[in-house]
Amino acid sequence: MLTAVDGSAALQTLERERVALVLLDYFMPGMTGDEVVRRVRQADRVVQIVLVTGYAGEKPARVMMRQLDVQGYHDKSEGAERLLLWVDAALNTYRHAFAAERHRAGLRFMLDAAPPLYLAQSFEDLLERLLVKVSELQRVDSAFLATLPSEMIGASVQEADAFVPVNGAEFAEEPLEIRFGTGRFREGMVLDALSAAERSMVRETLRRGSIEVRGNRSVIPLRLGTRPIGVIYIDRGVEDVYERELLEVFANQATAAIHNALLSEEATTDSLTGVFVRGFAMRRLHEYLKGAQRRGEPVSLLMLDVNRFKEINDRYGHDVGDQALRAVAALLQSSVRETDVVGRYGGDEFIVVLADTPEAARVVGHRILQQTEQLLVPADGEAISLRLGLGVGTLCPR
């Protein structure tokens, strides 16, 4: 219980502490009770206030309660039992009002969080953003997001589009991968590192497809249509019905955003190498060129191909040729900035689009060629060295 000797001290206390109920004398030194109420209501609409007076003849109780927005008006002459009735009623009202306020705040958070989830972004970036958002929503320090293996998620996208019903039990024993973690969890952990109780909750959530709460732990399912693809685990037991509803809404938003991100990646990403497909890379090149003309900034284009690629395919087979293409694509992606564009132009040909790099384009090209000299692909007990052909062109608008 907190006490204050006058209205000014009461206001200072309310600024520092979260309070459910205020018992407030009507007459106080320096500031009357009704003045305190008006100041409190400017900052807090939820806290419950019971005015206490020894002068019952001031105004009728109902008039005072309506005018001042207080939840009780007690005449000291009515005794302690009457005051306790006011206190019980005010505390019950506070519980409902506070829950409703939290629900409204949660809905506002959801509305603010939703648009960024649907921005163009990679699948990995989206998963990280989802974990950050749910941690903010639930105010937790330890949480993780785990999904089924990527190939299974891809299959889930296709089958979710086809509305194929699935029994979640068949996925309950599939190995999940912890993609992102906070607090006591870390990226790359395996579920075997969790406690038996935590693993049991994850499996049950996948099987049932609904939020699982046990003690101070909660697990939220992520589903595409009827197909479970993963879970979000938080170190907090969400028992409140309003909060559970918010988590269900969030999970629905999350899976819709995941669906969109995966479909976007499927349409823009080359399945073999992981870089952009030709059509999307060329669209990005055209966007860069238009921006360069408008702003007067340079844009560079690197075109590359794998030397003797047909010989590699003919001698070692297409599996080795595919490995070579993946290795080259990985090298290109690691050699440029995130804002640059790497695309597969066709066959063994790649393009790299570099913005604002008039002289650096040649440096990047030389670095790629030098790193390629260390690039080896295993085949039939030997290591194949790769060589690239490379050309550089730069547009320098005047």
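Keep in mind it's a predicted model, so treat the numbers as computed, not measured.

Counting across every chain of the model gives 15 salt bridges. The partner of Glu136 in a salt bridge is Lys133, with the nearest N and O atoms 3.8 Å apart. Placement of the pair is Glu136 and Lys133 together in helix α5 (residues 123-138), with a separation of 3 residues, close to one helical turn. Using a relative accessible area of 41% as the deciding quantity, one classes Glu136 as partly exposed.

Moving on: unusual backbone geometry. Its identity as a non-glycine residue notwithstanding, Arg139 has a phi of 55°, on the positive side. Structurally, the position occupied by Arg139 is in the loop between α5 and β4 (143-147).

Bringing the sheet that holds strand β2 (residues 48-53) into the picture now. As summarised here, the arrangement of the 3 strands in space is β1-β2-β3, forming an open sheet in which the pairing is parallel. One side of each edge strand has no neighbouring strand; the edge strands of this open sheet are β1 (21-25) and β3 (72-75). Between one strand axis and the next, the sheet turns by 20° as a mean value, whatever way the strands run. In this structure, β2 lies alongside β3, joined through 4 bridges in parallel fashion. Paired with Leu51 across the strands is Tyr73, a residue of β3. Against the sheet, helix α2 (residues 33-43) contacts β1 and β2, and its axis sits at roughly 175° relative to β2.

Turning our eyes to something else, we now look at the sheet that holds strand β9 (residues 299-306). With antiparallel pairing, 4 strands are arranged side by side in an open sheet as β10-β11-β9-β14. Either end of the sheet is taken by a strand with one partner, and the two such strands are β10 (341-346) and β14 (388-395). This sheet shows a mean twist of 20° between the axes of neighbouring strands, independent of strand direction. Sheet topology note: the β9/strand β11 (residues 349-355) ladder contains 7 bridges and is antiparallel. When the sheet's bridge partners are listed, Ser300 is paired in β11 with Leu354.

Owing to its 3.6 residues per turn, the α-helix brings residues three or four apart onto one side. Compared with an ideal rise of 1.5 Å per residue, which puts 13 residues at 18 Å, helix α7 (residues 196-208) spans 18 Å between its outermost C-alpha atoms and is within 8% of the ideal. Its buried side turned inward, α7 meets β4, β6 (212-214), β7 (217-224) and β8 (227-234).

Let us now look at the packing of helix α11 (residues 318-335) against helix α12 (residues 360-372). To characterise two packed helices, one gives the angle between the axes of the helices and the distance between these axes. Between α11 and α12, the shortest axis-to-axis distance is 10 Å and the interhelical angle comes to 140°. Classed by the angle they form, the pair α11 and α12 counts as oblique. Helix-helix and strand crossings are classified by hand; for α11 and α12 the assignment is right-handed. Together, Leu331, Leu332 and Ser335 of α11 and Val364, Arg367, Ile368, Gln371 and Thr372 of α12 make up the contact between the two elements. Residue composition of the contact of α11 with α12, by class: 4 nonpolar, 3 polar and 1 charged.

All right, on to the side chain of Ser218 then. Along the chain, Ser218 falls in strand β7. In this structure Ser218 comes out as buried when scored by relative accessible area, which is 0%. A distance of 2.9 Å separates a polar atom in the side chain of Ser218 from the backbone nitrogen of Val238. Beyond its immediate sequence surroundings of up to four residues, Ser218 is in contact with Met201, Glu212, Val213, Ile232, Tyr233, Ile234, Arg236, Gly237 and Val238.

As defined by bridge partners, β9 adjoins β14 across 8 bridges and the pair is classed as antiparallel. Paired with Val306 across the bridge in β14 is Leu388.

For the protein chain, the mean per-residue pLDDT works out to 80, and 82% of the residues sit at or above 70. This stretch, residues 161-166, has a pLDDT under 50; its non-local contacts, to residues over four places away or in other chains, come to 9 contacts.

For the rest of this paragraph, the subject is the packing of aromatic side chains. Under the counting rule described, the total for this entry stands at 4 aromatic pairs. Measuring from ring centre to ring centre gives 5.3 Å for Phe185 and Tyr233, while their planes differ by 75°; the resulting arrangement is edge-to-face. Taken as a pair, Phe185 in the loop between β5 (177-182) and α7 and Tyr233 in strand β8 lie far apart in primary sequence, 48 residues in all. Note on accessibility: Phe185 and Tyr233 belong to one class, buried. Of the aromatic side chains, those joined through ring pairs into one cluster are Phe144, Phe185 and Tyr233.

What counts as what
- Residues numbered from 1 in each chain as written.
- Predicted model: local features only at pLDDT ≥ 70, side-chain atom pairs only at ≥ 80, totals over all residues.
- Heavy atoms only, no water.
- Salt bridge = Lys/Arg side-chain N within 4 Å of Asp/Glu carboxyl O.
- Helix = DSSP H or I, 4+ residues; strand = E, 2+ residues; numbered from the N terminus.
- Buried < 20%, exposed > 50% of the residue type's maximum accessible area, 1.4 Å probe, protein only.
- Pairing = 2+ DSSP bridges.
- Axes fitted to C-alpha atoms, helices over the stretch in contact; angles between N-to-C directions.
- Contact = heavy atoms within 4.5 Å.
- Expected span 1.5 Å × (residues − 1).
- Parallel < 35°, antiparallel > 145°, perpendicular 65-115°, else oblique.
- Left-handed = near helix turned anticlockwise from the far one by under 90°.
- Nonpolar A, V, L, I, M, F, W, Y, C, P; charged D, E, K, R; others polar.
- Polar contact = N/O pair within 3.5 Å; in protein donor to acceptor, adjacent residues only side chain to side chain.
- pLDDT = per-residue confidence, 0-100.
- Phe/Tyr/Trp six-rings, centres within 6.5 Å; stacked < 30°, edge-to-face > 60°.

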